[in-house]
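# Secondary and tertiary structure notes
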Amino acid sequence: MTAKGGATPSPGGLSGLANGRFFTVGLVTAWYSSNIGVLLLNKYLLSNYGFKYPIFLTMCHMSACALLSYAAIAWLRVVPMQLVRSRVQLAKIATLSLVFCGSVVSGNVSLRYLPVSFNQAVGATTPFFTAVFAYIMTVKRESWITYLTLVPVVTGVVIASGGEPSFHLFGFIMCIGATAARALKTVLQGILLSSEGEKLNSMNLLLYMAPIAVILLLPATIFMEDNVVGITIELAKKDFTIVWLLLFNSCLAYFVNLTNFLVTKHTSALTLQVLGNAKGAVAVVVSILIFRNPVSVTGMLGYTLTVIGVILYSESKKRNKP
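Residues numbered from 1 in each chain as written. Predicted model: local features only at pLDDT ≥ 70, side-chain atom pairs only at ≥ 80, totals over all residues. Heavy atoms only, no water.

### Regarding a nonpolar patch on the surface
Taken together, Tyr-70, Trp-75, Leu-76, Val-78, Met-81 and Leu-83 make up a surface patch of nonpolar side chains, about 690 Å² in accessible area. Inspection of the secondary structure puts Tyr-70 in helix H2 (residues 54–75). (Patch = residues over 30% accessible without salt bridge, like charges linked within 9 Å, V, L, I, M, F, W, Y side chains within 5 Å. Areas by Shrake-Rupley, 256 points an atom, 1.4 Å probe, with all protein chains shown as cover. Salt bridge = Lys/Arg side-chain N within 4 Å of Asp/Glu carboxyl O. Helix = DSSP H or I, 4+ residues; strand = E, 2+ residues; numbered from the N terminus.)

### Examining the pattern of salt bridges
Going through the model one piece at a time under the given rule, you end up with five salt bridges. Glu-142 is the salt-bridge partner of Lys-317, the closest N and O atoms lying 2.8 Å from each other. In this pair, Lys-317 sits in helix H12 (residues 297–319) while Glu-142 sits in the loop between helix H5 (126–138) and helix H6 (144–162), placing the two residues 175 residues apart along the sequence. Between Glu-234 and Lys-237 there is a salt bridge whose closest N-O contact spans 3.4 Å. Pair noted here: Glu-234 and Lys-237 are both in helix H9 (residues 228–238), with a separation of three residues, about one helical turn.

### Details of empty space enclosed by the protein
Tallied over the entire structure, the rule returns one cavity of 30 Å³ or more. Roughly 80 Å³ of internal volume is contained in the largest cavity. Taken together, 13 residues line the largest cavity, and the ones lying closest to its centre are Ser-117, Phe-118, Glu-164, Gly-299 and Met-300. Elements with a minimum of two residues in the lining of the largest cavity: helix H4 (116–123) and H12. Classifying every residue of the lining of the largest cavity by side-chain character gives eight nonpolar, four polar and one charged. (1 Å grid on protein atoms, 1.4 Å probe; cavity = no way out; pocket = protein on both sides within 12 Å on 5 of 7 lines; lining within 4 Å. Points joined across faces, edges and corners; volume = space filled by probe spheres on them. Nonpolar A, V, L, I, M, F, W, Y, C, P; charged D, E, K, R; others polar.)

### Some thoughts on the packing of H2 against helix H3 (residues 87–113)
Each pair of packed helices can be described by the angle between their axes along with the distance between the axes. Where H2 meets H3, the axes come as close as 9 Å, and the angle between the chain directions of the two elements is 130°. Judged by the angle between their axes, H2 and H3 are oblique. The way H2 lies across H3 gives a crossing that is right-handed. Residues Pro-54, Ile-55, Leu-57, Thr-58, His-61 and Met-62 of H2 touch H3, and the partners they reach there are Phe-100, Val-104, Val-105, Asn-108, Val-109 and Arg-112. Here the contact of H2 with H3 is built from residues that sort into eight nonpolar, three polar and one charged. (Axes fitted to C-alpha atoms, helices over the stretch in contact; angles between N-to-C directions. Parallel < 35°, antiparallel > 145°, perpendicular 65-115°, else oblique. Left-handed = near helix turned anticlockwise from the far one by under 90°. Contact = heavy atoms within 4.5 Å.)

### Considering the packing of aromatic side chains
Going through the model one piece at a time under the given rule, you end up with 12 aromatic pairs. Here a set of aromatic residues connected by ring pairs shows up, and it is made of Phe-51, Tyr-53 and Phe-56. Taking the ring centre of Phe-100 as reference, the NZ or CZ of Lys-185 above it sits at 5.8 Å. Residue placement shows Lys-279 over the ring face of Trp-31; its charged tip is 5.4 Å from the ring centre. (Phe/Tyr/Trp six-rings, centres within 6.5 Å; stacked < 30°, edge-to-face > 60°. Lys NZ or Arg CZ within 6 Å of the ring centre and 35° of its normal.)

### Description of the packing of helix H8 (residues 202–224) against helix H10 (residues 241–266)
It is at 9 Å that the axes of H8 and H10 come closest, and there the two elements cross at 155°. Judged by the inter-axis angle, H8 sits roughly antiparallel to H10. Contacts between H8 and H10 involve Ser-202, Met-203 and Leu-206 on the former and, on the latter, Tyr-254, Asn-257, Leu-258 and Phe-261.

### Some thoughts on the side chain of Ser-34
Relative to the assigned elements, Ser-34 resides in helix H1 (residues 11–48). A relative accessible area of 4% means that Ser-34 is categorised as buried. Within the structure, the side chain of Ser-34 is placed 2.9 Å from the backbone oxygen of Ala-30, a separation counted as a polar contact. Here the side chain of Ser-34 touches Trp-31 through a polar contact of 3.1 Å, landing on its backbone oxygen. Setting aside its immediate chain neighbours within four residues, Ser-34 contacts Leu-252, Phe-255, Val-256 and Thr-259. (Buried < 20%, exposed > 50% of the residue type's maximum accessible area, 1.4 Å probe, protein only. Polar contact = N/O pair within 3.5 Å; in protein donor to acceptor, adjacent residues only side chain to side chain.)

### A word on unusual backbone geometry
If you check the backbone angles, Asn-227 has positive phi at about 55° while not being a glycine. Inspection of the secondary structure puts Asn-227 in the loop between H8 and H9. In this structure, Arg-292 takes a positive phi of about 55° despite not being glycine. Among the structural elements, Arg-292 can be located in the loop between helix H11 (269–291) and H12.

### What about the environment of Phe-100?
Residue position: Phe-100 is located in helix H3. Given the relative accessible area of 16%, Phe-100 is considered buried. As a C-alpha pair, Phe-100 and Ala-213 span 113 residues in sequence and 8.0 Å in three-dimensional space. Beyond its immediate stretch of four places on either side in the chain, Phe-100 contacts Met-62, Lys-185 and Met-209.

### Considerations on the confidence of the model for the protein
When the pLDDT values of the protein are averaged, the result is 90; 93% of them are 70 or greater. Looking across the protein, the model is least confident in H11, with a mean pLDDT of 83, and most confident in H2, with 97. Segment residues 1–5: pLDDT under 50, and five contacts once partners within four positions in sequence are set aside and those in other chains are kept. (pLDDT = per-residue confidence, 0-100.)

### A short note on the environment of Thr-126
Mapped onto the secondary structure, Thr-126 falls in helix H5. Measuring from C-alpha to C-alpha, the distance between Thr-126 and Ile-176 comes to 9.2 Å, with 50 residues separating the pair along the chain. The contacts of Thr-126, once residues within four sequence positions are left out, are Thr-179, Arg-182 and Ala-183. Here Arg-182 takes part through its side chain, which lies 3.5 Å from a polar atom of the side chain of Thr-126.

So this is what it looks like as C-alpha cells:
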C-alpha cells in the first residue's frame, strides 16, 4: 500500500499500460504515415511523375481496397463480417459508393493542378459543406455559435486562394467538388444507413463500396482515359518502377481506411478530433519540404484561419451535443 492508502500499481500493470500507450502511438503513427503518404504519392504520380490518369489511379485504389478488405474481414477477422440484408440496402451502399468515387476522383484530379498545401486548405472546409448538406437534407439546425465558427473556415480559404502562387481555377473547382462530395457522403450515410439493421462499421462498408466503385470506375476509365492500360504497360516496359508505385500507392489507400478505423476504435473522440486537425497541418509542412512548392504569407495565414475555424467548430459541436 502507498502512504495514502492507495494500492501501488503492479509491475505487470505498469507494463500493460506502457504497452497500451506504445500500441496507440504506433497506430497514430501508422494513421498519419498512410494518410500523408498516399496524398504525397498521389501528387507525385499525377503531377511530378507525369502519370496523368486520376480515374485509373482511383480504380487501382478501389481494387486494392476490395481485395484487402475481404482478406482482413473474411480471413484475418479484423472485424466480424456484416451481411447486406436486402436489395434496398445494397442500393443505398451503391449510392454512397457513387458519391465516394466522385470525391476521390475529383480530389486526385485536383492534385494534378494544385500543390498539396492548398489542397489541404480547401479540404479543411469539409465542416462547412457538412453543415450545409445536413441543413438542406435533414433540416438539422445547429446553434448560431456553431454556424458562426464556419465564417473563419470559409474566410480562411478565400484568403488562401488569393495568396496562392500556384492557384489553378480548374484544380480549385475539382478540389471544392471533392470536399463537397466527401461531406455529402457523410450526411447521406447518416440518412441511408440510419436503422439498426442497416448500420455497417466503416470496414464492412468499405468491403461493399469498393467493388461497386471498381464497377463504376471501369467504364469511366475506358471512355475518359483512352488506352490507359496499354500506356501503363508501355511505361512499365521502360521503367518498372511505375508498377511498384501503383501497387504501393493502392495498398496505402487501403491502410488509410484500416488505420482510421483502428485509431477511432482505440482512442477517444476528443483525441481523434485533435489528431485529425493536426494531420492536415503536418501534411502541409511535409509536402512543402518535399515538393518545394512556393507558399505565401497570405496563403499560410488563410490556412491557419481555416484550421482555427475547424477547431472552434468541433468544440462548438461537442458542447452543443444533447
